[in-house]
Amino acid sequence: MNILNLIRWKNILMIALVQLLIKYALLEPFGVSTRLDVLGILLLILASTCIAAAGNIINDINDVETDFINKPDRILVGHAISEKTAYTLFIIFNLVGVGSGFYLSHHVGRAPFFIIFVLISALLYIYATQLKRTLLIGNIVISVLVGMSILIIGVFDLLPEITTSNRPTQIIFFKVVFDYALFAFIINLLREISKDIEDIDGDYKAGMNTLPIAIGRDRAKNILVALNFIPLIGIICYVVSDLYKEIITVCYFLIMVIGPLIYISIKTFSANLKDDFHHISNMYKLVMLFGMLSLLLYKYVILN
C-alpha cells in the first residue's frame, strides 16, 4: 500500500481511465480511422502510467524537506519507504515506461514518436529537481504534461491514420482531443496554484519561489479567483453554442462542471486556512474527473 501511495495510484488510475475514454467513448464509436489496436492502447497506458509513477516518486524524493512542514503525517520516503528503495522504483518505472513507449512507437510504425516518452520522462525529472522551485514555470510544465497524457492518444491513434480522403474527419476528432487536453491543462494549472498557496509555509522555508511566495498569499488567491473564470466562461460558451439542444448534456455540465467551478470561485474568495486550499485542490481534481467523464455523452450528443 505504501508503494501505491508513493506513485499516487488514484492519479495513475485517472490517466488510464481518460485514455480509455478517449479511445473507446470518443473515437471507436464513430468509426474514426485509428491505429491503436488492443495491444497498442495497453502499451500506451502502460507507458503513460509508469512514467507518471516515476515522476511522482522523484517528486516525493525531492519534497522530503518541504513535506516535513506541509504534510508531516503523509511522508513516505525516508519513513515507510527508504530513499534507496524509492530511487530503485523510480528507475524501474522509468525503464518500463520508456521501454513500452519504444515498443509502441515501432508497433504503430512511427519510430520517431519514441522521443515523446523520453522528453516526458526527462521533463518530470527536471520539474521535480529544479523547475518546481521556479515562479510558475514548474506549474506550467507539469500542467502541459498532464494535458499531454490526453493529447498523446490523438498523436498515436489519429495522426498515423491521416490520409487525403479522411483528413477533415481526423482533424475534427483531433481538435476534440486537443480541447480536452487544454481543459486538463487549465484545471491542473489552477490546482497547482491552489496547492502552492496551501504549501506556502514549507515551500518558503525550503527556499522555493512559488507564486504565493513571490506576491503574497492574498494576491495569489485573488489571481486564482480571476483565473478560475477562464474555464468557467469557456465551458459556459461551449454549452450555450454547441449543446443547448441536448438537455441531459446541458444538465450534466451545469451540475458536474460549471456548478463546482462557481463553488470553487466563491470558496477561494473566502479561503484563509491551509485546509481551505486543500479542499479547493481536491475540488479541482473532481472537476477534472467529471469533465473527462463527459466523454461518455458524445455518442448521445452526436447521434442525436
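Residues numbered from 1 in each chain as written. Predicted model: local features only at pLDDT ≥ 70, side-chain atom pairs only at ≥ 80, totals over all residues. Heavy atoms only, no water.

(A) Spotlight on the pattern of salt bridges. Inspection of the entire model under this criterion finds seven salt bridges. Among the salt bridges present, the one from lysine 23 reaches glutamate 28, with a minimum N-O distance of 2.7 Å. Classification of lysine 23 by relative accessible area gives buried; the value is 1%. Residue classification places glutamate 28 among the partly exposed positions, given a relative accessible area of 34%. In this structure, aspartate 157 and lysine 23 form a salt bridge, with 3.1 Å as the shortest nitrogen-oxygen distance. Of the two residues, aspartate 157 is situated in helix α7 (residues 137–157) and lysine 23 in helix α2 (residues 9–27); the sequence distance between them amounts to 134 residues. (Salt bridge = Lys/Arg side-chain N within 4 Å of Asp/Glu carboxyl O. Buried < 20%, exposed > 50% of the residue type's maximum accessible area, 1.4 Å probe, protein only. Helix = DSSP H or I, 4+ residues; strand = E, 2+ residues; numbered from the N terminus.)

(B) Spatial organisation of the environment of valine 240. By the secondary structure assignment, valine 240 is in helix α12 (residues 229–242). Counting along the chain gives 130 residues from valine 240 to arginine 110, while the straight-line C-alpha distance between them is 39 Å.

(C) A look at the nonpolar core. By size, the foremost hydrophobic cluster in this structure holds 73 residues, and its most contacted members are Ile22, Leu26, Leu44, Ile150, Phe156 and Leu261. For this core, the leading source of residues is helix α8 (residues 167–198), giving 11 residues. Other than its neighbours up to four places away in sequence, isoleucine 150 contacts Val18, Ile22, Val177, Tyr180, Ala181, Ala184 and Met292. The next biggest cluster of nonpolar side chains, apart from the first, holds 19 residues, and it includes Leu6, Ile15, Ala54 and Ile81. (Core = buried A, V, L, I, M, F, W, Y, C linked by side-chain atoms within 4.5 Å. Contact = heavy atoms within 4.5 Å.)

(D) The packing of aromatic side chains, seen in detail. Applying the stated criterion across every chain, the model contains eight aromatic pairs. Between tyrosine 252 and phenylalanine 253, the aromatic rings sit 5.9 Å apart at their centres with planes inclined by 85°, giving edge-to-face as the arrangement. Taking relative accessible area as the criterion, tyrosine 252 reaches 19% and is therefore assigned buried. Through successive ring pairs, a cluster of aromatic residues spans Phe113, Phe117 and Phe156. (Phe/Tyr/Trp six-rings, centres within 6.5 Å; stacked < 30°, edge-to-face > 60°.)

(E) Broad picture of unusual backbone geometry. Look at arginine 8: it is not a glycine, yet its phi comes out positive at around 60°. Looking at the secondary structure, you find arginine 8 in the loop between α1 (2–6) and α2. Given the relative accessible area of 24%, arginine 8 is considered partly exposed. In this structure, leucine 136 is a non-glycine residue whose phi angle is positive, near 65°. Mapped onto the secondary structure, leucine 136 falls in the loop between α6 (114–129) and α7.

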